[in-house]
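Spelled out, the chains give:
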Amino acid sequence: MIKFDHIEVHVKDAHKYAIFLKKLFIVGRFKKISENNTYMFLSSDNIHIEIKENKNHQNFFNIDNGIGFCLPCLRMKNAKNFLDDISEINIIKEINNPDGSCYFFKDYEGIDWHFKDYDIQDIYVNI
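Report on the accompanying structure. Just so it is clear, the model here is predicted, and its values are computed rather than measured. (Residues numbered from 1 in each chain as written. Predicted model: local features only at pLDDT ≥ 70, side-chain atom pairs only at ≥ 80, totals over all residues. Heavy atoms only, no water.)

### Section: the overall build of the protein
Within the protein one finds two helices and eight strands. Start at the N end of the protein and walk to the C end: the helices and strands fall as β-α-β-β-β-β-α-β-β-β. Here the protein holds 127 residues, and the buried ones make up 41% of them. Long-range contacts, defined as pairs at least 24 residues apart, comprise 51% of the intrachain contacts of the protein with a sequence gap of at least 6. (Helix = DSSP H or I, 4+ residues; strand = E, 2+ residues; numbered from the N terminus. Buried < 20%, exposed > 50% of the residue type's maximum accessible area, 1.4 Å probe, protein only. Contact = heavy atoms within 4.5 Å.)

### Some remarks on the sheet that holds strand E1 (residues 3–11)
In space, the eight strands of this open sheet follow the order E2-E3-E4-E1-E5-E8-E7-E6, with mixed pairing throughout. Each of the sheet's edge strands pairs with one partner strand only, and the pair in question is strand E2 (28–34) and strand E6 (90–97). Taken over all neighbouring pairs, the strand axes of this sheet differ in orientation by 25 degrees on average, direction set aside. Note: strand E7 (residues 100–106) against strand E8 (residues 112–116), five bridges, orientation antiparallel. The residue of E8 that forms the bridge with Tyr 103 is Phe 115. (Pairing = 2+ DSSP bridges. Axes fitted to C-alpha atoms, helices over the stretch in contact; angles between N-to-C directions.)

### A closer look at the layout of surface pockets
In this structure, the largest pocket occupies an estimated 400 Å³ of space. Considering the residues around the largest pocket, the lining is formed by 22 residues, among which Glu 8, Glu 50, Lys 52, Ile 95 and Phe 104 are closest to the centre. Breaking the lining of the largest pocket down by element, the ones donating at least two residues are E1, E2, strand E4 (48–53), E6, E7 and E8. Partitioned by chemical class, the residues of the lining of the largest pocket number nine nonpolar, six polar and seven charged. (1 Å grid on protein atoms, 1.4 Å probe; cavity = no way out; pocket = protein on both sides within 12 Å on 5 of 7 lines; lining within 4 Å. Points joined across faces, edges and corners; volume = space filled by probe spheres on them. Nonpolar A, V, L, I, M, F, W, Y, C, P; charged D, E, K, R; others polar.)

Rendered as structure tokens:
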């Protein structure tokens, strides 16, 4: 089973944006999850939004200001085998999280994704 894990948003001030999301969703909570001022927001209907500060304001998804939503994340067991069978993607990077591997890839439209090769919500999402 494939599960939607989270989506990222890159902003100028992560804490301020976490407060904004709590206002926007009315109910929800957030927690700082890293020393580089990254937060995870969890809505009442279990939507996870990872909020990262983009200090350089340079990124691939918004040439003008480097701010916006990006990198949808999915997770499942044996993700690598699953991804290897999809011809429309190109894996560009692999990292290891405490719970397993994570693969970053571009789809045929040039959109960046990442896919966790484990089924559980990891410590970064399960706030």
